[in-house]
Each structure stands twice: as structure tokens, then as C-alpha cells.
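Breakdown of the fold
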Amino acid sequence: MTEALWYFARGSGVISLVLLTVVVALGIGSRSGKPAFGLPRFAVSMLHRNAALLAVVFLAGHIVSLLFDPYAQLRLVDFVLPFVGNYRPFWQGLGTLGFDLMIAIVVTSLLRNRIGARAWRAVHWLAYLSWPIALAHGLGTGSDNGTWWLWAISIACTAVVVVAVGWRLSTGFSRFPARADREVAARLRQPEAKQLEEVR
Amino acid sequence: MTSVAEAPTGRVEQRLLDGEVGLDAHLARHGRLPILDSSQIIGMARDAGLTGRGGAGFPVWRKLSAVAQAGGAAVVVANAAEGEPASRKDRALLAYQPNLVLDGLQLAAAATRAKAAHLYAPKAALPALRRLLVARRTAGLDRLEVTLHAAPDAFVSGEESAVVSAINGTGAVPADKRIRIIQAGVGGAPTLVQNVETLAHLALIARYGAGWFLTAGTADEPGTFLATVSGAVRRPGVIEAGYGVPLGDLIAAAGGATMPLQAVLIGGYHGGWVPADPALPVSRRALEPFGASPGAGVVVALPANACGLGETARIAGYLADQVAGQCGPCINGLPRMAATLADLAARRPRPGLPAEVERLARLVSGRGACRHPDGTARLVLSAMRAFEADVVAHLHGRCLATEGHR
Amino acid sequence: MRLHIDWTACDGRGVCTELLEEMLTEDDWGYPVLRDGKGEIPRALDGAARRAVDRCPRLALKLTQQ
Ligand SMILES: Cc1cc2nc3c(=O)[nH]c(=O)nc-3n(C[C@H](O)[C@H](O)[C@H](O)COP(=O)(O)O)c2cc1C
Ligand code: SF4
Ligand code: SF4
């Protein structure tokens, strides 16, 4: 029984990482304006969101199963507060951090009409951070980090993200390369610290 | 309805700009403001048919009552940004009769029961205004304190939502119009932005009544307006006249044309080209068929030996350079439209050039946070119509104006 | 109901032009163009319009009464 739990915990963690990789790649691809990976733009956007939600579901499974796992000896606090764990606190802490980040992103995304575009975008940039954190956590804590298949999956995930970033930086990325950047003209920003002159 | 011909004809006449300069002269001539309540001020503005002088010509009383009824402590703003390079009238008004503007600002504040008042003007105008505000305070003229703000020297800095965000300290950048500043402007309060000339008229109406105001201008468009006349005239400058004033009278008041005129740009860089017909009345009604309007009173006389397409391309290039940069269709469309017109003006013809200019003008219209693209497109489209013969000549590599073919 | 585009937010990513082809086309730079110029939403497109508003990555689309 505990054996099964242990495998489930590991498996769901790995699946979560794979899904997160897909989310990051689609997130980058959605900025192109071109149909990415052969999918229409709105499908990229839908898939990005749904894969993210699915990644969170597997992440929850990963965590809940570890809670019942006698080997892992995780306490509730380890799921919220990073770097205080008993077992490899640094690598485990990364997992906690990644989890916290993902919760923040999901909550702000679901509420984005309420909190406004600016706050949502700020939090969303953090999303990119949760990917390398998850990757490092997997390689660091996974007691199987000596096994070939975890390495293989990690390398494949890295390759996918590297390709996506490379495409993002390439000149062919945007569908409208000649398009002018939207940027507020400097002359409209108040030239002096504040051009406000009060009369007392 | 009365036709333009039956209405009292507008003429060159000094109301705002008349009288000596200075606070003492102002008080000697006009006296203190009468004490009026909100509904009295709004009623007078309505009876006088006063419209905005900042370009759009919107009835003032409707804005006053909308802000008064919006709920919450309102804010009033006098707009003297005058980003339009061909306009000098707001600066002239602030230099010669600033007291009328400040009186009008107090009236607008009383009408909207405002809790704060701001004056937004080019930096050079501020020191004198600051001294004047102190003198007025000493004389007990201003019930509400006025805060001064420097307007950046840029075309869109006077657009009303740009004015609001400049005062809010976030740069003179136009904002999306889904939430109107009448509901939430400066500091989130209901906000009234009014051109300084509009406010000066309000100050005179409060003293001399709506009936007096109606004796100038036409029946549909009462009152006087400040025109900035420039181009091929002997004495370019600011001239006050009633709406409906014949174009020829305005040109004559500016010293007359220096040479035969080909066309006149009315309403400024967002305006339209009209024929140089001395009898043409300068009123909304009479200019409408040309796709033009008096706007903020800009009149630029184009001499017969200048190319109207070249001049328009120059202005369109300036306007494309002045975009705030926020809106995709504007920041991409205006430079493309200006460059396409420049090709036509410089006689680099290619098939479909005029149609492409018109397509781009229609493409950018209505697709920005502010009406800068619309105004630029209006100017370009009016040039394509007014200089139709020149367009044909340019497509054949000739220019009617500069080569003396006319 | 009307579809309102906040041009200070729209990045021309073109998600809306795919989801709401009946109402929107793309301009030369990938920014949406309202086919009718006003954004009037026909009853039948209510759902599609809501979906486009929901999926805009820049929250640039809004439904307004009028
Ligand atoms: C691009 C642009 C620039 C403008 N610049 C000015 C300006 O410099 N001064 C001004 O009074 N109004 C300007 N306006 C008009 C204002 O938005 C607003 O309508 C006006 O200040 C309202 O005052 P009024 O009703 O008294 O005319 C501009 C509008 C646009 C679209
Ligand atoms: S329409 Fe043009 S000028 Fe107006 S806010 Fe947008 S980018 Fe700026
Ligand atoms: S989906 Fe949003 S950002 Fe993309 S083009 Fe449409 S309005 Fe603009």
C-alpha cells in the first residue's frame, strides 16, 4: 500500500512537470500571433489554460499522497513554508516554492477580470519561474535522480522550453515583424520630476 | 430654422480680448462676479447656447449638469494646453485676459459644486498666473483655490483624458474612454475639463446675460470665437469674431492676404481644407459640406504657389510623429498614411496610390483611445478632395502649384 | 450590447479575430477591426463575444451596454 502511494506521488509529480513544460511552451507560443504548433491561436490559449489547471490537479495529487506517505514524513507546514522540511530541505523547499507560485498564478488568473490586467500580468511573469524551480526540485529530491528515465524526462522538458525560447527570440517569431512597438512617447511623460506647481 | 443668410451675420468684434491688461483694469471694467448658484449658471450657459471652444463644440450646459449630477466631490479643470502648433489663441487669452478665464473657472466650480480647481497650461504661462492668483486671493476673488499644472509641449497633451492623467501625475497620455472622465477623472472624482476660452465666455455671460451673448454670431451658433489666422497673411495673429464671419473679413483683419490664395485650412491640423472664398461664413453649418468646422478657430491661408498636397503631407507627418504611442492602429497607421501621402506629394506615383491613402484614412478612424487618428484622417481625406486636380497632376509627375501650371 | 476595444491594452494577438470572425477582421498589423465599425453584438453572437472577452490575453475587450 505505502509502496503504491510512493509511486503515485512520484508519478504525479513527474506528470505535473511535463504538463508545466507544455504550459510554458504554449504560453511563449501564444505571443507569436502565428498559429503555434499547428494550432489556431485561440486553441493555443485554451490549451495553455487547461494544461495549467491539469498540472495543478496533478500537483495536488503529488502533495496529498506525500502527506500520507510514512517515508516522506511531511508535515502540513512543509506545503506552505519552503525550506523548513526534515528531508533535503533545500530541494524540497523548491517544491513548496513552486507550489506556492502556481497557486498564486491560478488564483490571479481566475480572478483576473477582478484584479485588473496589470496585477495579473505581474504575477504571471512569475509563472516562468515556477518551471525551472519544478525541474530542479524533481532532480534534487527525487530519490530516483540516479535513474535514467527521470533524467531523460528532465532533458526532454528542458529541450522543449529551450526550443520555445529560441523561437521567441528568432526574427521569424512575430507574424508582423514590421509592426511598431506600442510605447508611450517620452515627451508626454512629465519632464521634470513632477511638473506640478502648487500655489500656496 | 433660420438660414445662414438670415441670421445676424458674424463680424470681427472684440469681447474677450477687449480692454486693458491687469487685475485692476479687469475689475474696473467688468466688476466682481455676481453670486450665482449652480442651476442659475447652468441655465445661463444653456440659454446662451455656449459651446466648447477647444475643438469639439459640445454644449457647455450639458457637461456642467452631467458633472453636477454625477455625485461625489467634483473637480474642474481649465485646459490651456493648446498643443496645436497653428493655434495661439489660448496663450493670447492667458496673456491678455487671464482674469476672465479664472472667473469662468470659479463659475464652473460653482455650477458643479466642485471641491478642487486646476489650470493646465504651457510652462511659460505659469509664473505670471501664479502671481495673478496671489493677487486675486488677496482681493478675495477666488472662493476655490486653483492649482497650476504645466502641460507638456505635445499635440495630444490637451486631449481631455490626457489632461486628467497629467494632473494625476501619470503623464499626459490619453486614456481609454469606456469610463468617462465625467464619471471618474482627476483622483477618481467626476471631472469637468473645459477649454480656457469657453470659461472666459462663461465669465462674460454671467455678467452680461445670455441675451447679450446671443447678439453676436448666428442664430444657430451664437457668440464670438477666437481665431488664430496664419499662413499667407500680412499680420498673422489672434482675431475675435462672431460665428458666421465671412472668411474674407478674418483674412482682412489679419492684414489681408500677401498673395492670391488657393485654399484655407480651417479647424487646425485636425480640420479640413475649404476654398479661399471670401464670402464663405465661418460656422459649423456653412463649413460642414467641406468636412470642416471652426474647431478651435485655426485658419491657415495657403498661397496659390504652394502645393496643398505637400503642405498636408508635412502636417500629416508631424501628426504621425505626435502619436502618444499606446494604440496599435494609431502608431502603425498614422506613419503609414503620412508616408503614403508623402509619396503622392513628392510625385513618386504608383498604381492605386490615392486609393491607398483613402483606405488607410478610413482604417485608422475610430480606432484609438483618443480621436487623434480620426482628426488626422479627416485632414487627409479633405485634402484628397480639395486638391483633386493636384492629385491627378501629381500622378502624372507634374505639380500645378509649384510649377505654375495653374 | 457592444464590444469595446481598449486600444491602450490590445496587443494585436489576434485571439479575438479567430473567436469572433463574424464581427472582427484583422488590419495590416494584426489588430482587430470591427466589421460594422461600432461593435454592435447580434443576439446570436452573444456567447462567442463573451468567450472572446474572456480569452483576450490582454483583457482589452469589454462588453458595454448601449
Ligand atoms: C488630440 C487632441 C488634442 C486636443 N488638444 C486640446 C487642447 O490643446 N486644448 C483644448 O482645450 N482641447 C483640446 N482637445 C479637446 C479636448 O479633448 C476637450 O474636448 C476640450 O478640452 C473640452 O473643452 P471644451 O468643451 O470647452 O471645448 C483635444 C482633443 C484631441 C482629440
Ligand atoms: S489614438 Fe493615437 S494619439 Fe490617441 S492615445 Fe492612442 S496612440 Fe495616442
Ligand atoms: S484578443 Fe485582445 S489583445 Fe488580442 S487582438 Fe483581440 S483585443 Fe487585442
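Residues numbered from 1 in each chain as written. Chains lettered and ligands numbered in written order. Predicted model: local features only at pLDDT ≥ 70, side-chain atom pairs only at ≥ 80, totals over all residues. Heavy atoms only, no water.

Here the focus is empty space enclosed by the protein. Taken as a whole, this structure holds three cavities of 30 Å³ or more when the rule is applied. The computed volume of the largest cavity comes to approximately 90 Å³. Along its surface, the largest cavity is lined by 14 residues, and Cys10, Arg13, Cys16, Cys56 and Pro57 of chain C are the ones closest to its centre. A per-class count over the lining of the largest cavity returns nine nonpolar, two polar and three charged. The volume enclosed by the second largest cavity comes to roughly 70 Å³. Every residue lining the second largest cavity is listed: Pro174, Val323, Ala324, Gly325, Gln326, Cys327, Cys330, Gly368, Ala369, Cys370, His372 and Pro373 of chain B. (1 Å grid on protein atoms, 1.4 Å probe; cavity = no way out; pocket = protein on both sides within 12 Å on 5 of 7 lines; lining within 4 Å. Points joined across faces, edges and corners; volume = space filled by probe spheres on them. Nonpolar A, V, L, I, M, F, W, Y, C, P; charged D, E, K, R; others polar.)

The next point concerns the confidence of the model for chain A. All names here are of chain A. Of the residues in chain A, 90% have a pLDDT of 70 or more, and the chain-wide mean is 81. The least confident element of chain A, judged by mean pLDDT, is strand S1 (residues 196-197) at 45; the most confident is helix H6 (residues 148-169) at 89. Within the model, the stretch residues 192-200 combines pLDDT values under 50 with 24 contacts to residues more than four positions away or in other chains. (pLDDT = per-residue confidence, 0-100. Helix = DSSP H or I, 4+ residues; strand = E, 2+ residues; numbered from the N terminus. Contact = heavy atoms within 4.5 Å.)

The next thing to look at is the side chain of Asp11 of chain C. Its place among the elements puts Asp11 of chain C in the loop between strand S1 (2-5) and helix H1 (15-19). The exposure class of Asp11 of chain C is buried, given its relative accessible area of 18%. The residues touching Asp11 of chain C, leaving out its near neighbours within four places in the chain, are Arg179 and Arg182 of chain A together with Tyr31 and Arg58 of chain C. (Buried < 20%, exposed > 50% of the residue type's maximum accessible area, 1.4 Å probe, protein only.)

The next subject is the interface of chain A and chain C. Residue-level contacts link 20 residues of chain A with 24 residues of chain C. Of all residues in chain A, the largest losses of buried area upon contact with chain C belong to Arg112, Arg179 and Arg182 of chain A, amounting jointly to 33% of the total for that side. Viewed at the interface, chain C and chain A are joined by four salt bridges. As a salt-bridge pair, Glu18 of chain C and Arg41 of chain A come within 3.7 Å of each other at their nearest N and O atoms. Counting the contacts that link chain A with chain C gives 15 residue pairs in polar contact (both at pLDDT 80 or more). (Buried area = accessible area lost by both parts, 1.4 Å probe. Salt bridge = Lys/Arg side-chain N within 4 Å of Asp/Glu carboxyl O. Polar contact = N/O pair within 3.5 Å; in protein donor to acceptor, adjacent residues only side chain to side chain.)

Attention now moves to the sheet that holds strand S5 (residues 224-231) of chain B. Residue and element names in this part refer to chain B. Spatially, the five strands line up as an open sheet ordered S6-S5-S11-S8-S9, and their pairing is mixed. The outermost strands of the open sheet, each flanked by one partner alone, are strand S6 (237-242) and strand S9 (272-275). Direction aside, neighbouring strands of the sheet carry axes that sit 30 degrees apart on average. The pairing of strand S8 (residues 261-266) with S9 spans four bridges and is antiparallel. Residue Ile266 lies in a different strand from S9, and its bridge partner there is Gly272. Along the sheet, helix H11 (residues 308-321) contacts S8, S9 and strand S11 (298-303); its crossing angle with S9, the most-contacted strand, is approximately 160 degrees. This element, helix H14 (residues 372-386), spans S8 and S9 of the sheet and lies at about 25 degrees to S9. (Pairing = 2+ DSSP bridges. Axes fitted to C-alpha atoms, helices over the stretch in contact; angles between N-to-C directions.)

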